[in-house]
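Results of the structural survey
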Amino acid sequence: MDLLVLLTVPLITGLLCRLVPRQSWAESLNAVGATVTLGAGLALALRVFRVGQASAFGELLYVDALSALLIVVIVVVGFLAALYSIGYMRRDVDHGKVRSDQIGWYYLCYHAFVWTMLAGVVVNNLGLLWVAIEATTIVSALLVGFYGSKAALEAAWKYLILCTVGITFALFGVLLTYYASERALGEEAGLSWTALAAHAGQLDPGLMKLAFVFVLIGFGTKAGFAPLHNWLPDAHSQAPSPVSAVLSGVLLKCGLYGVLRFHLITVGAVGPEFSSNLLLGFGLLSVVVAVPFILVQRDLKRLLAYHSVEHLGLIAVAIGLGGPIGLYAGLLHLFNHAMAKGLLFFVAGNLSQRYGTTQMARIRSAIQVMPSTGVLLLLGTFAITGVPPFAVFVTEFGIVGAGFASGKVIVAVVLIVALAIVFAGAFGHALDMAFGRPRLRLAPVMIGPFGAIALAVPTAFMVLFGVYVPGPVSQAVQQAVAMFGGGLQ
Amino acid sequence: MVLFDVETARGLLNSISLLLLVTALGSVLILRLESSIRLLAVQGLLLAAAAAVVALTTGASHAYVAAAITVIVKVLIVPGILLRVLCEIRLKKEVEAVIPSRIALLLAIGLTLVAYYVVSPIASRDAFLTGNALPTAVSLLLIGLLTMLARKKAISQIVGIIAMENGLYLMAVAATRGLPLAVELGVGVDLVVGVMVMGLVTRQIHRTFDTINTDHLRSLRG
C-alpha cells in the first residue's frame, strides 16, 4: 500500500500542478503532494526496517534495508526542497526571472524527477534500475535548463550528453550481467536482483568483472566520480537552487546505489577485492581531485558542487574499505551529506536571490544583511567540512578510522590531509561571505514559513546526529551494513 | 512459430550484422544531417530484422514484441523527431568536418578491427553468439563514440548516442536473444523521451545562441 502510494503520488501531484490554472494552487498541491510522499516513504522505510523487506507485484518491486535508506534520503530532501521551492520560485517570478505560467511546468518536472529516483530504488530488476536512472537524467535536464539562459542551456546540454553516453556504458554492463545470468541460471532469473544476489556464486567471474567495470563507469558518471564529473559543477550550479539541493544531496546517491547493487553481486561472484578496490580508487581520486577546485572556486554553487564530488568520493572510499565501521559510517554519511548539502543549497538560494549573484566575491557581510541565512551559512560550512560536533564529523571520523583499522594507512592519511585543506579553503570562503563590508543596498528577501522549515530541519539533523544517533536509526543503518557482509575485512 | 533452425538463424544474423557494419562505416562519410538521420532509420530496420530472426528461431513471443517495438521506436518515432527538429531550425551551413571524412573512415575501420580482435575470443564461447554480431555491436558502439567526438553539431551528437545504443541493442539480440520485455519497453520509452528532450534543448540552444555548434557552449569552467 505505502509502496503504491509512493509510486503514484509524485506523478499525480506533478500532473495536477501542471494542469491547474493558478500558481498558488500549484504551490499548495506541491506542498500536499510532497507531504504525502514523505509520509508514504517514511512508513515504507519503517516497515522494511521492522520486518526486513517489502515487495509488490510478485517481487517486481522489492525494498530492502539499502533501498529503504535511499528512500528516506529521497523523500526527506525531496520534501524539504519542495517546500523551499514555493518561496524561491515565487521570488524568481517577482524578479522576472521566470514567468508565472512556467511554475506548473517546474512542479511537474520536479515531482516527475522525484518519482524517477524512487522508481529506481524500488525496482527489483537491474535493467529497470538502468531505465530509471537514465530517466532521472532526462527529467532533471529539463530542470537544469529551466532558466533558459545561455549558461543554463550549456549546462543542460553537457549534462544530457555526458550522462547519457556514460550511462550507455552501464547498459553494456547490464547486458553482460544478463548474459552471465542467462548462462548460469537460465532465462527465469532474468535481471532480478534477488535471484542474482542469491546465486551470485554461480555467475562467470570474468564476465562479472567486466560488467562491474562498465557499470562503475556508467553509474559512476551519474554519481559524479572523478574523472567523470565534468558535467556536475555546471548542472548543479545552473539549476534552480532547490533542484541543486536534490541533484547534489540525492541524485548522485541514486547513481551510487546502482553501483552498490552491482558491487554486491560482483562480491558474490568474484570475492570482495576486485570491486572494493575499484570503489576505493575512484573514491580517493574524487576526494583528491575536488580539493584544488574547492580552494580556487569563485562561484558559491560550484563550490558546493565540488563538495559533492568530495563527499561521494568519501562514501565510495568507505564502502571500498568495508568493515563494520567503514560501512556504517559510509551509509550514514549518505544521509548526513544530504542534510548538510540541502541546507547549504537553500542558504545559497537565499543569498543568490538577495545579492543577485552566485559570485562569492560579491556576497559580503551576509551576517548583517541576512542574519539567519548568514549564521546558517557558517554553520552549514562547519557541518559540511566535518567540524565537531556536527553529524558529518562523526561519519568522516568513522571513514578515516576504517582506513586505519583496515591497515590502509596511506588512504587514511590522504583523506585527513584532503579534509584539512578543504576545511581551510571552504571556511575561508564562508568567512569572506559572512563578514566584510556590504557593497550595495539590496532589496530585502522574505524567506517565509516554508523556507524556514526547509532551513531548520536539516540544521536540526546536523546537530542531533552529531551528538547522538538514536537507536532505531543506527539499527536501520546496521541492517543495510549487514547486506554487505563486512566487506574486505 | 519456429521457422528457422539455429544454423540458418546464425547465417542470417551474420549477414544482418555485416549490413549494420556497412551502415556504421558509411555514417562516418555522410555529412548531411538529414541523410545521417535516415541512416539511423535503416539501422533500426536492420535491428528489427535481427530481432525478428531471433523470434522466428526461438518462437519466444516476447521477441516478436521486441521486434515490433524496435520498428516503432527506432524506425518511426526517433528519426521522425530528429527530422522535425532539423526542419524547424533550418540550418544554414550543412557541412561540418572537424576530422576530414577520409581520416574518420580510417579511424572507424581501425576501431572495427580492434573490436573484432578484442571481442572474438569472448564470442566464440557461446553457441548462439554468431561470429559477427558481437564484434559488430562493439564496433557500432565505438563508431558512435567517434561520431560524437568528431562532430560538433548538437544533432550529430544525438545521432552518435543513438548509434551507440544501436550497438548495444544488437549485442542484446545476439548474446541473450533480447532483453526481458519490461526492460525492452523501458529502454524504448527512455530513448523516445530522451530524444524528445534532447531535441527540445537543441531548439532552445538554436534560439538562444543562433547556432547548434556545441563548440560555442564553453563559458562554464573551473
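Here the structure is a predicted model, which means the values were calculated and not measured. (Residues numbered from 1 in each chain as written. Chains lettered and ligands numbered in written order. Predicted model: local features only at pLDDT ≥ 70, side-chain atom pairs only at ≥ 80, totals over all residues. Heavy atoms only, no water.)

Considered as a void within the structure, the largest pocket measures approximately 830 Å³ in volume. In terms of lining residues, the largest pocket is bounded by 31 residues, among which Lys158, Ile161, Leu162, Asn230 and Trp231 of chain A are the most central. For the lining of the largest pocket, the secondary structure elements donating two or more residues are α6 (150–185), α8 (205–223), α9 (231–238) and α12 (300–321) of chain A together with α5 (133–150) of chain B. No other element matches the seven residues that α6 of chain A contributes to the lining of the largest pocket. In this structure, the second largest pocket spans a volume of roughly 640 Å³. Residue lining of the second largest pocket: 28 residues in total, with Trp115, Thr116 and Ala135 of chain A together with Val189 and Asp190 of chain B positioned closest to the centre. Counting residues per element, the ones that place at least two in the lining of the second largest pocket are α1 (2–19), α4 (103–122) and α5 (126–144) of chain A together with α7 (181–209) of chain B. A per-class count over the lining of the second largest pocket returns 25 nonpolar, two polar and one charged. (1 Å grid on protein atoms, 1.4 Å probe; cavity = no way out; pocket = protein on both sides within 12 Å on 5 of 7 lines; lining within 4 Å. Points joined across faces, edges and corners; volume = space filled by probe spheres on them. Helix = DSSP H or I, 4+ residues; strand = E, 2+ residues; numbered from the N terminus. Nonpolar A, V, L, I, M, F, W, Y, C, P; charged D, E, K, R; others polar.)

Residues and elements named next belong to chain A. In this structure the tally under the stated criterion is 18 aromatic pairs over all chains. Consider the rings of Phe393 and Phe397, whose centres lie 5.7 Å apart with planes at 35°: the pair is tilted. Highlighted residues: Phe393 and Phe397, both in helix α16 (residues 391–405), separated by four residues, approximately one helical turn. Ring geometry for Phe461 against Phe465: centres 5.4 Å apart, planes inclined by 70°, an arrangement best described as edge-to-face. Here Phe465 and Phe461 lie together in helix α18 (residues 448–467), a separation of four residues that amounts to about one turn. Residue class for Phe461 comes out partly exposed when judged on its relative accessible area of 25%. Ring-pair connections join several aromatic residues into one group, and the members of that group are Tyr106, Tyr107, Tyr110, Phe146 and Tyr147. Positioned over the ring face of Tyr179 is Arg183, at 5.1 Å from the centre of the ring. (Phe/Tyr/Trp six-rings, centres within 6.5 Å; stacked < 30°, edge-to-face > 60°. Buried < 20%, exposed > 50% of the residue type's maximum accessible area, 1.4 Å probe, protein only. Lys NZ or Arg CZ within 6 Å of the ring centre and 35° of its normal.)

Locating Lys74 of chain B in the fold gives a position in helix α3 (residues 61–89). Of note is the side chain of Lys74 of chain B, whose polar atom sits 2.9 Å from the side chain of Asn166 of chain B. (Polar contact = N/O pair within 3.5 Å; in protein donor to acceptor, adjacent residues only side chain to side chain.)

Residue and element names in this part refer to chain A. That bond from Ala226 to Pro227 is cis: its omega, 0°, falls within 30 degrees of zero. A cis amide bond links Pro388 with the next residue in sequence, Pro389, at an omega value of 10°. The topology assignment puts Pro389 in the loop between α15 (371–384) and α16. Although it is not a glycine, Phe57 sits at a positive phi angle of roughly 50°. For Phe57, the position within the fold is in the loop between β1 (54–56) and β2 (61–63). The class for Phe57 is exposed, based on a relative accessible area of 57%. Despite not being glycine, Ser365 has its phi angle at roughly 60°, a positive value. Structurally, Ser365 can be placed in the loop between α13 (323–355) and α14 (366–369). Looking at Ser365, the relative accessible area reads 1%, which means it is buried.

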